[in-house]
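Residues per chain, in single letters:
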Amino acid sequence: MELADVSVRLTTEQTESLREACAGAAGKVTGQPLDREAVLAAARGAARALPDRLIEALGSFRVAGNPLGTLVVEGVPTDAVLPPTPAGGDLDDWSALPVATMVQLAICAELGDVIGYADEKQGRLVQDVVPVAGAETRQENSGTVWLELHTENGFHPYKPDHLTLLCLRSDPAAEGRTVTGAVRQVLPRLSAECVQRLRRPDFRIRHSSSFSATQPARWSAPLAVLTGPAGDPELTADFHAMRPLTAAAAEALAELRAAIEDALVGTVLLPGTMIIVDNRAAVHGRTAFTARHDGTDRWLRRCFTVADLRRSRGARPTGSRVCLPLHDLADAGSAPALASAAAA
Ligand SMILES: O=C(O)CCC(=O)C(=O)O
Ligand SMILES: [Fe+2]
């Protein structure tokens with residue numbers, strides 16, 4: 001199975017009429033921060049302009065998933081004039097990208113509720129994924145080296161259920177491939193012993209450096225890599241930041257890693273292509289690419305959704321989609337699933 005099997009391409013007419021609807025919706029809320037119900041309501045309104053075929057594909061992906069844990073949408077409208085790729089890592093004001101921002105929020109509205117994290121990218125609901133000078137070797141999306149396969153924020157009690165990445169610019173040499181590896185592809189290839197070991201809470205994930213850059217590293221509570229139904233489990237893994245707690249767990253994680261690396265699918269995202277990852281069904285990563293830092297670099301925009309926003313209400317200020325800093329939550333004891341102790 002290839003990404004082409006899970007791709008939806010909009011026709012030129014569909015792209016254009018969606019562009020118009022999104023520009024109109026954005027115009028009604030220009031100047032407001034994204035983290036306002038009025039802005040998200042405008043996006044839900046714009047979602048009515050999504051083609052039926054796409055609404056259907058998003059709905060079925062949300063409810064049932066697919067074998068690749070990945071959906072690709074081509075022909076997503078973006079803004080006719082793009083600012084230079086932001087060198088500092090963030091675009092200051094979403095109103096420079098009204099269409100791209102609104103269409104991403106509209107697509108996200110079909111997947112669930114948009115969520116953000118105060119620790120990361122200033123809590124922005126739609127974030128910029130761009131190479132940052134000096135961050136080349138970091139295992140973060142600001143780097144340019146191979147970005148190890150990971151569950152997004154797998155250490156977080158309110159990790160996203162889906163993440164969307166909308167490409168505004170590819171890297172000039174078209175080297176940066178976004179890749180995903182799905183649990184449904186690898187499960188039949190794993191030994192029974194491996195599966196059994198991955199189901200034990202014998203793993204911890206170090207909080208991403210974007211979450212605890214200035215503090216000593218913190219770790220998740222011990223967790224299992226595979227959870228849920230035997231025939232269709234959920235996957236939480238991170239081949240950079242996950243630490244097995246026993247030798248048997250380490251062996252199982254290595255077997256899983258080899259199987260996933262064997263089953264990877266991927267693509268160099270082109271402008272107007274969005275990749276959507278089911279964060280409970282697939283890990284994702286990115287191959288290395290070269291940055292020039294001259295405004296023409298690779299530029300994706302990222303937005304997260306959860307299936308049930310209410311579950312995280314104790315972690316967010318009233319009326320906001322942005323989860324408070326993780327270390328405040330851990331200290332307040334409002335997230336019992338969290339252990340802030342360093343792993344031994
Ligand atoms: O740059 C990419 O293609 C993926 C980066 C990534 O893992 C992320 O932004 O969450
Ligand atoms: Fe990621």
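Note that this is a predicted model, so its numbers are computed, not measured. (Residues numbered from 1 in each chain as written. Chains lettered and ligands numbered in written order. Predicted model: local features only at pLDDT ≥ 70, side-chain atom pairs only at ≥ 80, totals over all residues. Heavy atoms only, no water.)

Topic: the overall build of the chain
Rule in force here: Only DSSP runs of H or I with at least four residues qualify as helices, and only runs of E with at least two residues qualify as strands; both kinds are numbered from the N terminus onward. Partly exposed describes any residue whose relative accessible area lies between the buried limit of under 20% and the exposed limit of over 50%, with all areas from a 1.4 Å probe on protein chains only and scaled to the type maximum. Note on contacts: a residue pair qualifies if any of its non-hydrogen atoms lie within 4.5 Å across the two residues. In this description, accessible areas are obtained by the Shrake-Rupley approach with a 1.4 Å probe, and a residue is regarded as covered only by the protein chains that are shown. Within this scheme the basic residues Lys and Arg register as positive and the acidic residues Asp and Glu register as negative, but His and the chain ends are omitted. Charged side chains are reduced to one point each, which is NZ for Lys, CZ for Arg, CG for Asp and CD for Glu.
Check the secondary structure of the chain and you find nine helices and 16 strands. Each principal axis of the C-alpha distribution contributes one length, and for the chain these read about 55 × 45 × 40 Å. Per-residue burial over the chain gives 55% buried out of 344 residues. Contacts in the chain between residues far apart in sequence, at least 24 positions, make up 80% of those at least 6 positions apart. As presented, the chain carries roughly 13900 Å² of accessible surface, and 51% of it is formed by carbon and sulfur atoms. Mean positive and mean negative side-chain charge positions of the chain (35 and 41 charges, respectively) differ by 4 Å.

Some thoughts on the UniProt feature "binding site: 2-oxoglutarate" (unreviewed entry) in the chain
To keep it simple, the criterion reads: UniProt positions are given in the numbering used here, feature names are shortened, and annotations may be inferred rather than shown by experiment. Any N or O atom pair separated by 3.5 Å or less is treated as a polar contact, with the protein-specific requirement of one donor-capable and one acceptor-capable atom, and with residues adjacent in sequence counted only for side-chain atom pairs.
Sequence positions flagged by UniProt for "binding site: 2-oxoglutarate" (unreviewed entry) are, in local numbering, Thr 180, Arg 298 and Arg 302. Among the polar contacts made by the side chain of Thr 180, one reaches the side chain of Thr 70 at a distance of 2.8 Å. As for its position among the elements, Arg 298 is in the loop between strand E14 (282-286) and strand E15 (299-306). Overall, Arg 298 belongs to the buried group, its relative accessible area being 4%. Apart from residues no more than four positions distant in its own chain, Arg 298 is found in contact with Thr 85, Val 129, Val 130, Pro 131, Arg 169, Ser 170, Asp 171, Gly 176, Thr 178, Arg 286 and Phe 289. Polar contacts involving the side chain of Arg 298 include one to the side chain of Thr 178, which spans 3.1 Å.

What about the site of ligand 1?
Our working definition: Being near a molecule or strand, for a residue, comes down to having at least one heavy atom within 4 Å of it. Nonpolar residues are Ala, Val, Leu, Ile, Met, Phe, Trp, Tyr, Cys and Pro. Charged residues are Asp, Glu, Lys and Arg, and all others, Gly as well, are polar.
The environment of ligand 1 is formed by Val 129, Asn 141, Leu 147, His 150, Glu 152, Leu 165, Thr 178, His 284, Arg 286, Arg 298, Leu 300 and Arg 302. Between ligand 1 and Asn 141 there is a distance of 2.9 Å, counted from an oxygen atom to a side-chain nitrogen or oxygen. Between ligand 1 and Arg 302, the relevant distance is 2.8 Å, taken from an oxygen atom to a side-chain nitrogen or oxygen of the residue. For ligand 1, whose accessible area on its own is 300 Å², the fraction buried by protein is 99%. A per-class count over the shell around ligand 1 returns four nonpolar, four polar and four charged.

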